[in-house]
2 protein chains.
Amino acid sequence: MEGIDLYKRVPKSDLVLLATKAMMAVGCNAERAEIVADNLVEADMRGVYSHGIARLQRYLTHISQGIINPANDPTVVFETPVSCVMDGNNGVGQYVAKKATEKAIEKASMSGIGLVSVRHSNHYGIAGYWAEMIMQNEMIGISSTNTAPLVVPTFGKKALLGTSPLAFAFPSDQEDLFMMDMATSVVPRGKLEVYARNQKSMPDGWCVDESGHSTKDPDRVLKGFVNKSTGGILPLGGEGEDFGGHKGFGLGLLVELITAGFSLGAYSGETYQKEGDVCHFFGAIRLDVFGNTSTIKSHISSILQKIKGSEKADGTEEIYLHNEKEVRARKKALSEGVGVDEPTHKALLDIVGKYNLGTVI
Amino acid sequence: MEGIDLYKRVPKSDLVLLATKAMMAVGCNAERAEIVADNLVEADMRGVYSHGIARLQRYLTHISQGIINPANDPTVVFETPVSCVMDGNNGVGQYVAKKATEKAIEKASMSGIGLVSVRHSNHYGIAGYWAEMIMQNEMIGISSTNTAPLVVPTFGKKALLGTSPLAFAFPSDQEDLFMMDMATSVVPRGKLEVYARNQKSMPDGWCVDESGHSTKDPDRVLKGFVNKSTGGILPLGGEGEDFGGHKGFGLGLLVELITAGFSLGAYSGETYQKEGDVCHFFGAIRLDVFGNTSTIKSHISSILQKIKGSEKADGTEEIYLHNEKEVRARKKALSEGVGVDEPTHKALLDIVGKYNLGTVI
């Protein structure tokens, strides 16, 4: 969940239509354009604005630069009854992810478990979107991706790891009771941009500068990304080992190995050289491989509710399970419209004009 | 890796013999006693002293209290070709873990993947021991367990989660190149004990007191555990959400769901009431479900070596991959003897005397 300076609330359908038409204007067929549009607007509805429709311009640019090849289909490289390796052929990330998610569900439907590792893909939007798609089939949904290099190894100074998210979604008795979608870095890049825009200094433990040591200056880190100099975001747990930074580093390595390692693809440090070359991982585990589905769902709900309902820290109001804030934000967006900030609104109007989309927002 | 005040170096075989005889003296058969002894001494050799032979007394006490039932065998509750749920019947944790690990390997040998969730078990030692046992079969090894309640949810004040480790071991071209064994808390309980012993104050962001807010006083937190009052260790990422504490909280919940959730067992908050009732999870994934084993191993090694070999932060000497320090410590322990501190040495002599073991250290 992130905040924005709200400028306007726009009905979901208007944003989806705009994004669909824009993606079709640059060479995507309807199926591809629609999955991108739905994925982006879903992120905004949940309050994950860094992965919302504000990214549309970046996708259009990537298509014009040949990083994304909108006409390419993903292909199967290798498969067994429980697994598959796919090549995204640098097509549209969300379309590759949809096909790989469907493959994981298909394998799990037949064999109980399906694991799919993907190479040569592109940015696939929020990781949790795919984990949830799997979860809707009474399966544990797992989704992960590597990303552009932004995160520095513990005791290193060069950003070679991604902010690489891990997402897990568990079916339960209640609506989306546990769906965690976490970057393995301490903060996402979008957070630095917010601090830079507001000329605020960051807390120690978020980022390192060119020396590999903590900095409070967001501009310095962001400039480093542009210039490809050293410095970057720290892994979850911060600098060094005192607060467990080596654990976040290890989770980042784990993501590289299940995405790029299994698929023989590019690790984060080698993505976006000519094409995207991003790697993903999807997992589907049928809940009934462990017994009766509804019994397990009830037990999962009961564990989560005991923890949620436990004593709160003095002065705090609520213990949030992962996805609760997002489910509430989504409901509000569905009834009142999706929040858009002024720069994004302006960028969208520019896109409407440039591609002559004829849509209104 | 943890430090100790080294008192003596003891040959591995002497420590293993002592622990084996002690466990046999309280009712374990040879197979059970040997796996406990090997698991404990392996932890010491790797420098994970909190999970080493210093724990032996606690196991002996647990057997005398009926928390561990040394004669009980684990049983299979439910299984499919890719999965199994086992009941440990509150037997010896390491023996239950060995049987469950063998089951995961057996399933993966047949089906490519094997996932095993276990209820009613006891402390199983270091998580990584079981992940490595799986890895030695050209499989990805996964091992996790819930624990006694020590960790407070984000915005909570009651310790209901465990320090619940997650371990992942990847086969690769080089010796144990990536084996991560991480508690999902910011620090282990053992670290508080070290600070308390040395009358040092802890950094903010490790623990909360009865109010649910940060404290620097390790005694206060340790007393809270004994009195079952509020307060405890924070999840990885620390207090609140600013440094990603909610991510560590989510990883802790993930462990509860794959261990207790899948097996219909007790979550950490309900362990150790009469018997141990600890829950575990093991996963084995054959590397060749993604293609040619040696090609994938080489690719994994090459990704890890690029990151390890990258520029170091100013003033630091090395970027450590997960398990490198432990492999070096183990080699040293094998050649020079296993490090033991003075209180542990004394406690072991007491055990030798009490049970008339006739061994020397």
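All values derive from a computational prediction rather than experimental measurement. (Residues numbered from 1 in each chain as written. Chains lettered and ligands numbered in written order. Predicted model: local features only at pLDDT ≥ 70, side-chain atom pairs only at ≥ 80, totals over all residues.)

Quick look at the overall build of chain A
Secondary structure assignment for chain A yields 11 helices and 12 strands. For chain A, whose C-alpha radius of gyration is 20 Å, the value lies close to the compact-globule estimate of 21 Å for 361 residues. With the C-alpha coordinates aligned to their principal axes, the bounding extent of chain A is approximately 55 × 50 × 45 Å. Per-residue burial for chain A yields a buried fraction of 60% across its 361 residues. Long-range pairs, those at least 24 residues apart, make up 64% of the contacts in chain A with a sequence separation of at least 6. (Helix = DSSP H or I, 4+ residues; strand = E, 2+ residues; numbered from the N terminus. Rg over C-alpha atoms; globule rule 2.2 N^0.38 Å. Buried ≥ 20, exposed ≤ 12 C-beta atoms within 10 Å, placed from the backbone. Contact = placed C-beta atoms within 7 Å.)

Considering the domain arrangement of chain A
Residue and element names in this part refer to chain A. Looking at chain A, the domain boundaries give domain 1 (6-65 + 340-354), domain 2 (75-185 + 242-290) and domain 3 (187-233). Using C-alpha coordinates to define each centre, domain 2 is positioned 26 Å away from domain 3. Contacts between domain 2 and domain 3 engage 10 residues on the former and 12 residues on the latter. Of the residues belonging to the side of domain 2 that touches domain 3, the class tally is five nonpolar, three polar and two charged. (Domains from an automatic or database assignment. Nonpolar A, V, L, I, M, F, W, Y, C, P; charged D, E, K, R; others polar.)

Topic: the interface of chain B and chain A
In this complex, chain B contributes 68 residues to the contact, which on the side of chain A involves 68 residues. Among the elements of the structure, strand S2 (75-80), strand S3 (83-87), strand S4 (113-121), strand S6 (165-170), strand S7 (178-183), helix H8 (245-263) and helix H9 (293-308) of chain B are those that each provide at least two residues to the side of chain B that touches chain A. Ranked by residues supplied to the side of chain B that touches chain A, first place goes to H8 of chain B with nine residues. For the side of chain B that touches chain A, the class distribution of residues is 34 nonpolar, 24 polar and 10 charged.

Observations concerning the relation of the copies chain B and chain A
Of the transformation superimposing chain B on chain A, the axial component is 0.0 Å and the angular component is 180°, with the fit at an RMSD of 0.0 Å. A rotation of that kind, with that shift, is consistent with a two-fold axis. Residues of chain B ranked by C-alpha distance from the rotation axis are headed by Gly237 of chain B, positioned 2.6 Å from it. When the interface residues of chain B are mapped onto chain A, 100% of them are again interface residues, pointing to one common binding face. (Least-squares fit on C-alpha atoms with pLDDT ≥ 70 in both.)

Points about the environment of Ser298 of chain A
Residue and element names in this part refer to chain A. Among the structural elements, Ser298 can be located in helix H9 (residues 293-308). For Ser298, a count of 14 C-beta atoms within 10 Å gives the class partly exposed. Expressed as a C-alpha distance, the spacing of Ser298 and Gln174, which sit 124 residues apart in the sequence, is 9.0 Å.

Quick word on the nonpolar core
Membership of the largest hydrophobic core comes to 232 residues, with the highest contact counts inside it found for Ala19, Ala131 and Ile134 of chain A together with Ala19, Ala131 and Ile134 of chain B. Among all residues touching Ile134 of chain A, those that are not within four sequence positions of it are Thr101, Ala104, Ile105, Met139, Gly141, Ala169 and Ala284 of chain A. (Core = buried A, V, L, I, M, F, W, Y, C linked by C-beta atoms within 7 Å.)

A few points about the sheet that holds strand S10 (residues 232-233) of chain B
Hydrogen bonding along the main chain pairs the strands of a sheet, whether they run parallel or antiparallel. Residues and elements named next belong to chain B. Strand order in this open sheet of three strands is S9-S8-S10, and the pairing throughout is antiparallel. The outermost strands of the open sheet, each flanked by one partner alone, are strand S9 (214-215) and S10. Of the strand pairs in this sheet, strand S8 (residues 207-208) and S9 are connected by two bridges, and their pairing is antiparallel. Looking at the pairing, Val208 lines up with Ser214 of S9. (Pairing = 2+ DSSP bridges.)

As for helix H4 (residues 93-111) of chain A
All names here are of chain A. Compared with the 27 Å implied by 1.5 Å per residue over 19 residues, the 26 Å span of H4 between its first and last C-alpha is a close match. Taken across its 19 residues, H4 has 15 buried, putting it largely inside the fold. Phi for Gly112, located one or two positions after H4, is positive at around 100°. (Expected span 1.5 Å × (residues − 1).)

Description of unusual backbone geometry
Notably, Gln199 of chain A is not glycine yet its phi reads approximately 50°, a positive angle. For Gln199 of chain A, the location among the structural elements is in the loop between helix H6 (189-197) and strand S8 (207-208). Residue Gln199 of chain A is classed as exposed on the basis of its 8 C-beta neighbours within 10 Å. A positive phi is found at His120 of chain B, a non-glycine position, where the angle reads about 50°. Within the secondary structure, His120 of chain B sits in strand S4.

Structural notes on the sheet that holds strand S6 (residues 165-170) of chain A
Residue and element names in this part refer to chain A. Strand order in the open sheet formed by seven strands is S2-S3-S4-S11-S5-S6-S7, and the pairing between neighbours is mixed. Two strands close off the open sheet at either side, each with one partner strand: strand S2 (75-80) and strand S7 (178-183). Strand-to-strand, the axes of this sheet are offset by a mean angle of 10°, without reference to chain direction. Sheet topology places S6 next to S7; six bridges connect them, and they run antiparallel. Paired with Phe168 across the bridge in S7 is Met180. Packed onto the sheet, helix H8 (residues 245-263) meets strand S3 (83-87), strand S4 (113-121), strand S5 (139-145), S6 and strand S11 (278-286) and runs at close to 85° relative to S4. (Axes fitted to C-alpha atoms, helices over the stretch in contact; angles between N-to-C directions.)

Description of the packing of helix H2 (residues 30-45) of chain B against helix H4 (residues 93-111) of chain B
Residues and elements named next belong to chain B. It is at 8 Å that the axes of H2 and H4 come closest, and there the two elements cross at 95°. Looking at the two axes, H2 sits roughly perpendicular to H4. Where H2 approaches H4, its residues Arg32, Ile35, Val36 and Asn39 are matched on the opposing element by Gln94, Tyr95 and Lys98. Partitioned by chemical class, the residues of the contact of H2 with H4 number three nonpolar, two polar and two charged. (Parallel < 35°, antiparallel > 145°, perpendicular 65-115°, else oblique.)

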